[in-house]
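An overview of the molecular structure
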Amino acid sequence: MTKFILSTRPFKTEHLDKIKEIAPQYQLITKVRSAEDWQNVKITIGWQNEWTQLLSKQTSLRWVQSISAGVDYLPLQEFKTHKILLTNAKGIHKEAISEHVLTTILMRLRGFNEAIIGQRHKKWTHNIFYGKLEEQKILIVGTGQIGQELAKTLKLLGNQPVGVNTTGHKVENFEKTVAISKLKTIVDQFDFVINILPLTDETYHLYDADFFNAMNQTATFINVGRGASVDTTALTSALQRRLIAYAALDVFEEEPLPLSSPLWDLDNILITPHIAGMVPHFQDKFMTIFLQNLASFVTNQTVTKNHVDLTKGY
């Protein structure tokens with residue numbers, strides 16, 4: 001009986017050949033044409049919403065390889081019920097997101113944001129915000145692979161970032177780390193606050209009105225984590241009232257950001273359209289993860305890289 005790997009996207013011939021080499025009994029398909037097809041699907045690469053309904057029927061699905069690092073949009077409870085393994089693409093985006101954040105910080109410290117506004121209005125201005133990177137107090141909320149990559153880069157440039165994680169356990173390249181339970185009590189000490197957390201029940205609207213009220217009024221908030229970690233109404237109000245100086249947002253609760261959003265009209269914000277994680281040669285990097293897991297899966301029905309805890313959501 002043919003076993004299917006159902007994918008949301010096609011792959012290069014060299015990768016298809018490698019899949020056949022590792023798992024000759026499997027065939028990669030990009031569409032389910034019948035109920036019989038679905039019964040033969042053992043693995044999916046990516047996920048489509050309509051497949052969730054098929055899980056309520058008899059299913060042979062055993063493993064889902066997410067194309068993204070975040071998995072909050074997936075039916076985790078259904079996967080848990082049907083004992084389906086889940087792996088993500090964590091680690092692929094760490095360099096790209098770190099470079100995106102670093103660019104944002106340097107733009108802020110060298111007055112590029114004011115210069116861009118001045119250029120738009122043909123105005124020659126010296127009324128800019130500027131600062132020195134090594135003197136900035138930077139808080140990175142999330143000390144996983146992306147947070148560690150960003151901390152390493154900042155440290156090389158002379159900065160000493162502080163990290164926030166679940167317990168406050170030590171992580172390399174951070175001057176120190178603090179438990180997330182203490183976040184609101186220390187946030188006023190920092191010039192830049194960067195969110196890189198996954199979205200879970202605990203991190204939904206973590207950044208609320210109380211949080212922004214606690215921030216330093218000259219500080220910048222950067223979000224390259226998940227949009228729903230931020231209470232958009234609270235952040236909009238904080239920016240409008242100048243309770244914080246600036247925000248740089250790459251992710252939003254609703255995407256694309258609606259034209260009606262007041263965020264578009266603010267002059268103390270940088271909006272990027274969820275591009276921080278875009279990387280060249282994505283397929284090659286993704287396949288490094290998938291093929292390693294595939295080799296393990298066809299041998300003993302386990303995965304070895306980026307296994308997601310379905311209870312924790314990361």
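Residues numbered from 1 in each chain as written. Predicted model: local features only at pLDDT ≥ 70, side-chain atom pairs only at ≥ 80, totals over all residues. Heavy atoms only, no water.

A closer look at the UniProt feature "domain: D-isomer specific 2-hydroxyacid dehydrogenase catalytic" (unreviewed entry) in the protein chain
Filter applied, for reference: UniProt positions are given in the numbering used here, feature names are shortened, and annotations may be inferred rather than shown by experiment. Counting from the N terminus, the helices are DSSP H or I runs at least four residues long and the strands are E runs at least two residues long.
Mapped onto this numbering, the UniProt entry annotates "domain: D-isomer specific 2-hydroxyacid dehydrogenase catalytic" (unreviewed entry) at residues 32-303. Helix makes up 34% of residues 32-303 and strand 14%, and the two end C-alpha atoms of the span are 24 Å apart.

Remarks on the pairing of strand β2 (residues 26-29)
We apply this condition: Strand pairing is assigned whenever DSSP detects at least two bridges linking the two strands. With the strands pointing away from the viewer, any crossover whose connection runs clockwise from the first strand over the helix to the second is right-handed.
Taken together, the four bridges between strand β1 (residues 3-7) and β2 define a ladder with parallel strand orientation. Bridge pairing in β2 places K3 opposite Y26. Handedness of the crossover joining β1 and β2 through helix α1 (residues 13-22): right-handed.

A word on the pairing of strand β7 (residues 162-165)
As a reminder of what qualifies: Only protein chains enter the accessibility calculation, which uses a 1.4 Å probe; a residue whose area is less than 20% of its type maximum is buried, one above 50% is exposed, and one in between is partly exposed.
Residues V162 and V164 of β7 are buried on one face, and the alternating residues G163 and N165, pointing to the opposite face, are buried as well. As paired strands, strand β6 (residues 138-141) and β7 are joined by three bridges and run parallel to one another. Looking across to β7, one finds that I140 is bridged to G163. Regarding the hand of the β-α-β motif, the stretch spanning β6, helix α7 (residues 145-156) and β7 is right-handed. In terms of strand pairing, β7 meets strand β8 (residues 176-179) through four bridges, oriented parallel.

Describing the UniProt feature "domain: D-isomer specific 2-hydroxyacid dehydrogenase NAD-binding" (unreviewed entry) in the protein chain
What UniProt calls "domain: D-isomer specific 2-hydroxyacid dehydrogenase NAD-binding" (unreviewed entry) maps, in this numbering, to residues 103-276. In the segment residues 103-276, helix accounts for 27% and strand for 16%; the C-alpha atoms at its two ends are 10 Å apart.

Examining the nonpolar core
Soluble globular proteins tend to pack their nonpolar side chains together in the buried interior. We apply this condition: Definition of nonpolar core: a set of buried residues of the types Ala, Val, Leu, Ile, Met, Phe, Trp, Tyr and Cys, connected through side-chain atoms within 4.5 Å.
Counting 32 residues, the largest nonpolar core has Y207, F212 and F221 as the members making the most contacts within it. Contributions of two or more residues to this core are made by β6, β7, α8 (183-186), α9 (209-214), α10 (232-240) and β11 (246-249). In terms of residue count, the dominant contributor to this core is α10 (four residues). Ranked by size, the runner-up nonpolar core spans 22 residues in total, among them I19, A23, I43 and F282.

Some details on the sheet that holds β6
Keep this limit in mind: Axes here refer to lines fitted to C-alpha atoms; in helices the fit is confined to the stretch in contact. Angles between the N-to-C directions go from 0 to 180 degrees. Contact criterion: two residues are considered in contact whenever any of their non-hydrogen atoms come within 4.5 Å of each other.
Strand order in this open sheet of seven strands is β8-β7-β6-β9-β10-β11-β12, and the pairing throughout is parallel. The strands lining the two open edges of the sheet, one partner per strand, are β8 and β12 (269-271). Adjacent strand axes in the sheet meet at a mean angle of 15° when their direction is disregarded. One ladder, built from four bridges, connects strand β10 (residues 220-223) with β11; its direction is parallel. By the bridge assignment for β11, F221 is matched with A247. Packing of helix α5 (residues 94-109) onto the sheet brings it into contact with β6, β9 (192-195), β10, β11 and β12, and relative to β9 it is tilted by some 160°. Against the sheet, α7 engages β6 and β9, with an angle of about 160° to β6.

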